[in-house]
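# Geometric and topological summary
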Amino acid sequence: MLGLKSGLLALWVLLGTAAVCHGAEEEYLSRREKLERARGFGKASESGEDLTPGRRSLEGRRAERKTGKQVDRAVTKNKPEKLKKNPLKSPNSVSDGDARMQSATEECPPMGLENLKIDDFQLHASSTLRYGLGAHRGRLNIQAGLYEDDLYDGAWCAGRNDALQWFEVDARRLTKFTGVITQGRSSLWSSDWVTSYRVMVSNDSHSWITLRNGSKDLIFQGNSEKEIPVRNLFPAAVVARYIRINPLSWFNKGGVCMRAEVLGCPLPDPNNYYHRRNEVITTDELDFKHHGYKEMRQLMKVVNEMCPNITRIYNIGKSYSGLKLYAIEISDRPGEHEVGEPEFRYTAGSHGNEVLGRELLLLLMHFLCVEYLSGNPRVRHLVDETRIHLLPSVNPDGYEKAFQLGSELSGWSLGRWSQDGIDIHHNFPDLNSILWEAEAKKWVPRRVPNHHLPIPAWYLARNGSVAVETRALISWMEKFPFVLGGNLQGGELVVTFPYDKTRTAGVVHEPSPSPDDHVFRWLAFSYASTHRLMTAAHRRVCHTEDFAKEDGAINGAAWHTAPGSMNDFSYLHTNCFELSMFVGCDKFPHESELPEEWENNRESLLVFMEQVHRGIKGVVSDLQGRPIANATIAVEGIHHNVKTATDGDYWRLLNPGEYRVWARAEGYASSSKRCEVGYDMGATKCDFALARTNLSRIREIMERFNKQPIRLRHLPTPRSNATPTWARQRREGRG
């Protein structure tokens, strides 16, 4: 009896996988959807968008206007003779037929090949060319290393080039599959991609059903090059546990290689322990969605209206296309620098396609406002004691390019650069070379300072290749006395810190520590260790580097050299210690993944901001209590100094310990004292009162007399009866 029940259950599930059967779908489709399908109309999506056959989705129309290609593929009958008669047909059409039929189902979100929710054990393949090209590497947008090897290549590649190969995903539960996204192999040396394929589904991985259109197998058209993702939506949802992609044709000068993502909605299953164990739920009621430029500006306005007493919106300049670079200040006295209160900044979106950082900062400003109003003591202390600046979109032009195609179709690099083709994050003057050359000539610190290096004249020239966004950032960095900053990026899970450039010319990567290397490592670890995934030993490598072995933090140059980075410039030109946080493997996660990404990074964002209060702080003034601006604060044993702000206050980030600290200013006698930094949060106060030097007093007096020598009154010279020695000697006959 038990065997009979099991057989009937397997038969029912198997029938549910066919697109033409409705038995399994009836439990999950609404009454309206079934009525529409019975009438012959396409099913309406949850957003209300009409997906009737023959009509393209709004996203598809936008993509077609942008690229001249229809990105969403329709599924059609096999009519190769029609294809020959239609030479103007887009290479991104959905099958090798001419007639088109639009998808009749809503689109589910990505299952998680790109963002690693699908682990390596859920990916299988018919054969593998070598381990580095195994099924575990067949993830959308996965990147190969510069030098390809047997471990980290950029796709799944079959061991044989024939139509019997397949790539399989095990969802580990019944899932409603709605589409597939494919991509070619990431490689500098090879050109491989699949040009057409079939899709099969199963519930037991033994009996497979091919998606069909009537009596013929559905043939999906794949890629026409290796980087641009191509999405194919199924004509109807398919319920199954396993899904296979069966390549039928491929680039004639390459092999069967592909990267993929599967679109699917897991069906409710309270008995699925694996899913419940890995489910992450947020309790914060925030705006979890992707925000275009106008929506971002509107959200910032809403936050400002909610918390007018602690927020202020301003812009630091404009992008190449004229979009304003908006920032929001969060402080108990917005618009005012308070003496002794450090200033902190977060920036995001210098690479426009790295969208997660932008959304995290929008969520952060909303979170700080809501929690401040609710009386959260931690947030209140942070806001009352820190002047926080959040700049969510440094490169809005690049973001708009990626945003138009969406999270899965923008690829790895679309929107990375500014409108005029410049990588903003690496567009700053290379001050490292200037400092290191001076050190080699032993000019530091007498002729060349070890801090606040001036910007070279060639960089400031009008014809220099400097983005307008970069110039705006430099002005902003010079205007505010920032102490600590972080720029949020994407595509990896790691925190990097200066120096980002290698000292040895021609070397791609080698450790390049700064004088504050120990402080930077502390700061980097404070973010990485509180992130949910960065230091997890069990997590999978995003692309080619296992940063979990480095505790989720690495010297920038030890990863790869990057001259002119924002981090190095900030450290060498200003007081601000800047780090880069790569907050996720997926640069542009799907909207449904934002709550979990917020949970991954929320604590890290708060902890890192709190580090601005570690080290020493104080005010440098003269004996009359007047503040001294631009005084130099030097720590014994650390060859990097900081300067006081306009009000004479300073902040110096230091690890716990005891330090000999010097304060120097032109015209004043230097002063030193021992300052102790504890493990408790809160900077140690270390004030200095400097006395004027005698030389400075003389100069001050000369200034009063317009730099003229002081003339003394001429007194009459008294006469003397004494005879000069030479006259007396001559008189005595000795001359």
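Residues numbered from 1 in each chain as written. Predicted model: local features only at pLDDT ≥ 70, side-chain atom pairs only at ≥ 80, totals over all residues. Heavy atoms only, no water.

## Let's talk about a nonpolar patch on the surface
A cluster of nonpolar side chains, contributed by L146, Y147, L188, W189 and V508, occupies part of the molecular surface with about 600 Å² of accessible area. Relative to the elements of secondary structure, W189 occurs in the loop between β4 (167–183) and β5 (194–202). (Patch = residues over 30% accessible without salt bridge, like charges linked within 9 Å, V, L, I, M, F, W, Y side chains within 5 Å. Areas by Shrake-Rupley, 256 points an atom, 1.4 Å probe, with all protein chains shown as cover. Salt bridge = Lys/Arg side-chain N within 4 Å of Asp/Glu carboxyl O. Helix = DSSP H or I, 4+ residues; strand = E, 2+ residues; numbered from the N terminus.)

## Notes on the environment of T311
For T311, the location among the structural elements is in strand β12 (residues 311–318). The class for T311 is buried, based on a relative accessible area of 4%. Between the C-alpha atoms of T311 and I328, which are 17 residues apart in sequence, the distance is 6.7 Å. Those residues in contact with T311 that sit more than four places away from it in its chain are V303, N304, I328, E329, I330 and P334. At a separation of 2.9 Å, a polar atom in the side chain of T311 contacts the side chain of N304. In terms of polar contacts, T311 uses its side chain to reach the backbone carbonyl oxygen of C307, at 2.6 Å. (Buried < 20%, exposed > 50% of the residue type's maximum accessible area, 1.4 Å probe, protein only. Contact = heavy atoms within 4.5 Å. Polar contact = N/O pair within 3.5 Å; in protein donor to acceptor, adjacent residues only side chain to side chain.)

## Thoughts on the pattern of salt bridges
Evaluation of the coordinates by the stated rule reveals 33 salt bridges. Between R259 and E227 there is a salt bridge, and its shortest N-O distance comes to 3.5 Å. Here the residue R259 occupies a position in strand β11 (residues 257–266), and E227 occupies one in the loop between β9 (220–221) and β10 (230–250), the gap between them amounting to 32 residues.

## Observations concerning the nonpolar core
Ranked by size, the top nonpolar core spans 93 residues in total, and within it Y346 and L579 carry the most contacts. Among the elements that line this core, the one with the most residues is helix α7 (residues 355–373), at 11 residues. Beyond its immediate sequence surroundings of up to four residues, Y346 is in contact with L361, L364, H389, L390, L391, G486, L488, Y527, S604, L605, F608 and M609. Core analysis: the second largest hydrophobic core is formed by 28 residues, L113, A135, A171 and A260 among them. (Core = buried A, V, L, I, M, F, W, Y, C linked by side-chain atoms within 4.5 Å.)

## Some points on the packing of helix α10 (residues 431–440) against helix α15 (residues 566–573)
In contact at an axis separation of 9 Å, α10 and α15 are set at 50° when each is read in the N-to-C sense. Here α10 lies oblique to α15, going by the angle between them. Two secondary-structure elements touch here, α10 through L431, N432 and L435 and α15 through D568, F569, L572 and H573. (Axes fitted to C-alpha atoms, helices over the stretch in contact; angles between N-to-C directions. Parallel < 35°, antiparallel > 145°, perpendicular 65-115°, else oblique.)

## Topic: the confidence of the model for the protein
Caution applies to low-pLDDT parts of the model: their predicted coordinates are not meant to be read in detail. In this model, the protein carries an average pLDDT of 84, and 81% of its residues clear a pLDDT of 70 or more. Per-residue pLDDT stays below 50 along residues 1–104; that stretch engages in 162 contacts with residues further than four places along the chain or on separate chains. (pLDDT = per-residue confidence, 0-100.)

## Digging into unusual backbone geometry
In this structure, the amide linkage connecting V444 to the following residue, P445, adopts the cis form with an omega of 5°. Within the element layout of this structure, P445 appears in the loop between α10 and α11 (457–460). The omega angle of the peptide bond from P498 to Y499 is -5°, so this bond is cis rather than trans. Checked against the element boundaries, Y499 lands in the loop between β17 (492–497) and α13 (517–528). Its identity as a non-glycine residue notwithstanding, S205 has a phi of 70°, on the positive side. Checked against the element boundaries, S205 lands in the loop between β5 and β6 (209–210). Not every positive phi belongs to a glycine, and K442 is a case in point at roughly 60°. Residue placement: K442 occurs in the loop between α10 and α11. Given a relative accessible area of 73%, K442 falls into the exposed group.

## Thoughts on the state of the cysteines
Tallied over the full model, the rule gives 5 disulfides. Here C157 connects covalently by a disulfide to C257, the sulfurs 1.9 Å from one another. Because the sign of the S-S torsion sets the handedness, a value of about 115° for the bond joining C157 and C257 places this disulfide among the right-handed ones. Taken together, the residues C157 in strand β3 (residues 156–157) and C257 in strand β11 connect sequence positions 100 residues apart. Residue C257 is classed as buried on the basis of its relative accessible area of 4%. (Disulfide = S-S within 2.5 Å.)

## Brief notes about the sheet that holds β12
On the basis of which strands lie adjacent, the open sheet formed by 8 strands has the order β12-β13-β15-β14-β16-β19-β17-β18 and mixed pairing. A strand with exactly one partner marks an edge of an open sheet, and here the two such strands are β12 and β18 (553–555). Put simply, the sheet's adjacent strands are angled 25° from each other on average, direction ignored. Summarising the sheet, β17 and β18 pair through 3 bridges and their orientation is parallel. In the strand pairing of β18, F497 is matched with N555. With respect to the sheet, helix α6 (residues 293–306) is in contact with β12 and β13 (324–330), its orientation differing from that of β13 by roughly 25°. Where helix α16 (residues 594–610) meets the sheet, it contacts β14 (343–348), β15 (387–391), β16 (482–489) and β19 (577–584), and its direction lies at approximately 150° from that of β14. (Pairing = 2+ DSSP bridges.)

## Digging into the pairing of strand β22 (residues 638–643)
Successive side chains on a regular strand alternate, one facing one side of the sheet and the next facing the other. Across 3 bridges, the pairing between strand β21 (residues 632–635) and β22 is antiparallel. Residue I633 lies in a different strand from β22, and its bridge partner there is V642. Here β21 hands over to β22 after 2 residues, with G637 in that stretch at a positive phi of 90°.

## Concerning the packing of aromatic side chains
Throughout the structure, instances matching the rule amount to 25 aromatic pairs. Between W559 and F582 the ring centres are 5.1 Å apart and the planes differ by 75°, which places this aromatic pair in the edge-to-face class. Highlighted residues: W559 in helix α14 (residues 556–559) and F582 in strand β19, separated in sequence by 23 residues. In terms of burial, W559 and F582 fall into one category: buried. One aromatic cluster in this structure is built from W436, F497, Y499, F520, Y571 and F577. Residue placement shows R244 over the ring face of W166; its charged tip is 3.5 Å from the ring centre. For the cation-ring pair, R358 lies above Y399, with the distance from its terminal atom to the ring centre recorded as 3.5 Å. (Phe/Tyr/Trp six-rings, centres within 6.5 Å; stacked < 30°, edge-to-face > 60°. Lys NZ or Arg CZ within 6 Å of the ring centre and 35° of its normal.)

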